[in-house]
Amino acid sequence: MLSTEPLVGNADPFSPAEPSPLTAEPFRMSDGTTLALSKKLLLSITPNELHIHDDKTNKSKLRSCCGLWAAAAKPLIIPLYNVLYAEVGESTLTIKFATKVSRTTVKPSSLSYPYEPAHHTVIEEWSTRLLNAAYGESQVRKRFKVIINPFGGRGSAATIFDKSCRPLLYAANCSLDVQITEHSGHAIEIAENLDIDAFDAILCCSGDGVPHEVFNGLAKRPDGMRALKTMAVCQLPGGSGNGMCWNLTGTGDASAATLSIIKSIRKPLDLISITQGDNRLLSFLSQSFGIIAELDLGTEDLRWMGSARFTYGLLQRVWKRTVYPCDIAVKVAIDSKDSIREHYRQRGSKEDAIEYDYHKGLPELKYGDINSELPEDWQLVHRPNMGNFYAGNMAWMSAGVNFFPASLPNDGMFDLICVDATVSRFQIMKMLLLVETGKHFDLPHVSYRKVLSYRIIPHKRPGVEKEYISVDGEQIPFGPFQAEVHHGLGTVLAKGHVYEAPGV
Ligand SMILES: Nc1ncnc2c1ncn2[C@@H]1O[C@H](COP(=O)(O)OP(=O)(O)OP(=O)(O)O)[C@@H](O)[C@H]1O
């Protein structure tokens, strides 16, 4: 006689001790969704859930009014999104899944059921069906090259990975090749020299600095375009700014982000070339000059304040109405907010990417580089009162900061916000208060455009010792640079077609 007792997992401690007798042959119903391991144990795949009807383990006890216990059998329901793997051993079927432990956190769990070896084929077929339903278009058993920045955030990225991420990745039977960075720029070297056929994705447990390096490492290869198409990049929240993770997984919790990445789908991502001097680099998240760049890079002396340093630094600058003079020329794609909103709503559901010549390093620049003549139809405009020049390719810049609500991953455009420092302090504070919801988009003093390219020539302010330009949160030299978008050049693992942020 076979026992159908779960070997591991969340068995009900009140269930009777004697094993359920096997009274039926394992079978699948005509549509192949239900597996009966015994008369009392049915596993059913529904469109969104796995239902486990187990007389013995799913009995929920209800206290009757006279104080006696009554039993009612309820199926155990596991959302298919949470199903990580179904392992078919010689005589045991193990279902691994993520269980919720708090509002935001999950951990791996499993249930194992013994079966007669003669039924191996049926069990295997049903398990394949379960995995297909649980993963959909997403790849099962992804192969990850994991890069951990040991100094990311508060220096806890390795611990976060080991405690919250690794157990879920193992439960999903993903293969992991983990490497800890040893110096700044190490992730560029790792990506540049990676055997790209050996992995499906590079998983950065870090802030946004490491994915920035990874894109640039892939771009440095002679087959850069193929590498950027083949290798998906993704991020677990191991830094202080985890913009990529928020945009693509919709959470800043490491375990929930891991589950999201396990179930995510490969998607093209627009990337932006930045040319400065004779250098060319790629940006995936943002470029800033002015207040945001200074807050990102120029408040290191206030690090002891924790995240309050941004608020403090911001209030200081808004109060002083600091200006950041510059000249800008912009190749605009869409400049009215109504048309941007329309574009966002229409494109949000579309999927496309242009084909590149994948034997080459990087695509040619359509508008030339920073050393080229300015294209004829561009106009350089002097902006002596620039307060915030901020270009974004994703919605969230960090937790709660939905600066670019209209941005789309793969529309061949990026978004540009310009705000003058002459705007009243009240209006600036209003904008900052609305940033989390993205509602600042509609404020009349916020210039919001979709662009294809721009050139900026920042001017040094007399008496100011340090000036900053930030690309993906990393500092580049202070000086003129040009930016140009490449439609769908990069690849990421993402939950959906649009960013996980309130749009417009
Ligand atoms: N082992 C290392 N030693 C020193 N620097 C490193 C190391 N690994 C990565 N870095 C650098 O750390 C920088 C920031 O990385 P990341 O974005 O992952 O973390 P972060 O905590 O969000 O950073 P920050 O708050 O400084 O922006 C990157 O420029 C990267 O080059």
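Residues numbered from 1 in each chain as written. Predicted model: local features only at pLDDT ≥ 70, side-chain atom pairs only at ≥ 80, totals over all residues. Heavy atoms only, no water.

1. As for the overall build of the protein
Counting secondary structure elements, the protein contains 11 helices and 24 strands. Relative to its full complement of 504 residues, the protein shows a buried share of 53%. Sequence-distant contacts, at least 24 apart, represent 75% of the contacts inside the protein between residues at least 6 apart. If you sum the accessible surface of the protein, you get close to 22,100 Å²; carbon and sulfur atoms cover 53% of it. (Helix = DSSP H or I, 4+ residues; strand = E, 2+ residues; numbered from the N terminus. Buried < 20%, exposed > 50% of the residue type's maximum accessible area, 1.4 Å probe, protein only. Contact = heavy atoms within 4.5 Å. Areas by Shrake-Rupley, 256 points an atom, 1.4 Å probe, with all protein chains shown as cover.)

2. Overview of the site of the ligand
For the ligand, the set of nearby residues contains 21 residues, the closest of which are G153, T181, E213, S240 and E474. With respect to the ligand, the side chain of T181 contributes an N or O atom lying 2.7 Å from a nitrogen atom. S184 has a polar side-chain atom sitting 3.0 Å from an oxygen atom of the ligand. For the ligand, the accessible surface in isolation is 630 Å², of which the surrounding protein chains cover 78%. Of the residues contributing to the shell around the ligand, the split by class is three nonpolar, 13 polar and five charged. (Near = heavy atom within 4 Å. Polar contact = N/O pair within 3.5 Å; in protein donor to acceptor, adjacent residues only side chain to side chain. Nonpolar A, V, L, I, M, F, W, Y, C, P; charged D, E, K, R; others polar.)

3. Things to note about the pairing of strand β16 (residues 286–290)
A regular strand places its side chains so that they alternate between the two faces of the sheet. The element β16 is largely enclosed, with a buried count of five among its five residues. Here five bridges tie β16 to strand β19 (residues 386–392), and the two strands are oriented antiparallel to one another. Counterpart to S286 in the pairing with β19 is G392. (Pairing = 2+ DSSP bridges.)

4. Overview of the sheet that holds strand β9 (residues 106–114)
In space, the three strands of this open sheet follow the order β7-β8-β9, with antiparallel pairing throughout. Strands at the two margins of the open sheet, each flanked by one partner only, are β7 (83–88) and β9. Sheet twist, expressed as the mean angle between neighbouring strand axes with direction ignored, is 15 degrees. Summarising the sheet, β7 and strand β8 (residues 92–100) pair through five bridges and their orientation is antiparallel. Within the sheet, the bridge partner assigned to E87 lies in β8 and is T94. Contacts between helix α2 (residues 157–171) and the sheet are confined to β7, β8 and β9, with β9 contributing the most and set at about 30 degrees to the helix. (Axes fitted to C-alpha atoms, helices over the stretch in contact; angles between N-to-C directions.)

5. Observations concerning the pairing of strand β24 (residues 481–494)
Taking burial as the measure, the 14 residues of β24 include 14 buried ones, the bulk of the element. Bridge count between strand β14 (residues 265–276) and β24: 10 bridges; the pairing is antiparallel. Bridge pairing links L269 to G490 in β24. Pairing between strand β21 (residues 447–458) and β24: four bridges, direction antiparallel. Note that in β24 the partner of R455 across the bridge is Q482.

6. Points about helix α10 (residues 337–347)
Looking only at α10, the buried set comprises K337, I340, H343, Y344 and R347. Along the long axis of α10, the arc covered by the buried residues comes to 115 degrees, so they all point the same way. Projecting away from the buried face of α10 at angles above 90 degrees are the exposed residues D338 and R345. The inward-facing, buried residues of α10 abut β17 (326–334), β21 and β24. (Arc of directions from axis to C-beta.)

7. Structural notes on the confidence of the model for the protein
Close reading of the predicted structure is inappropriate where its pLDDT is low. Per-residue pLDDT for the protein averages 89, and the proportion of residues at 70 or more is 89%. Under a pLDDT of 50 for its full length, residues 1–23 has, in the predicted model, 54 contacts with residues more than four places off or in other chains. In the model, residues 60–72 has pLDDT below 50 throughout and makes 18 contacts with residues more than four positions away in sequence or in other chains. (pLDDT = per-residue confidence, 0-100.)

8. Some points on unusual backbone geometry
Unlike most non-glycine residues, R141 shows phi in positive territory, near 50 degrees. Inspection of the secondary structure assignment puts R141 in the loop between α1 (120–135) and β10 (143–148). We note that D472 has phi near 55 degrees; this positive angle belongs to a residue other than glycine. You can see D472 is positioned in the loop between β22 (469–471) and β23 (474–476).

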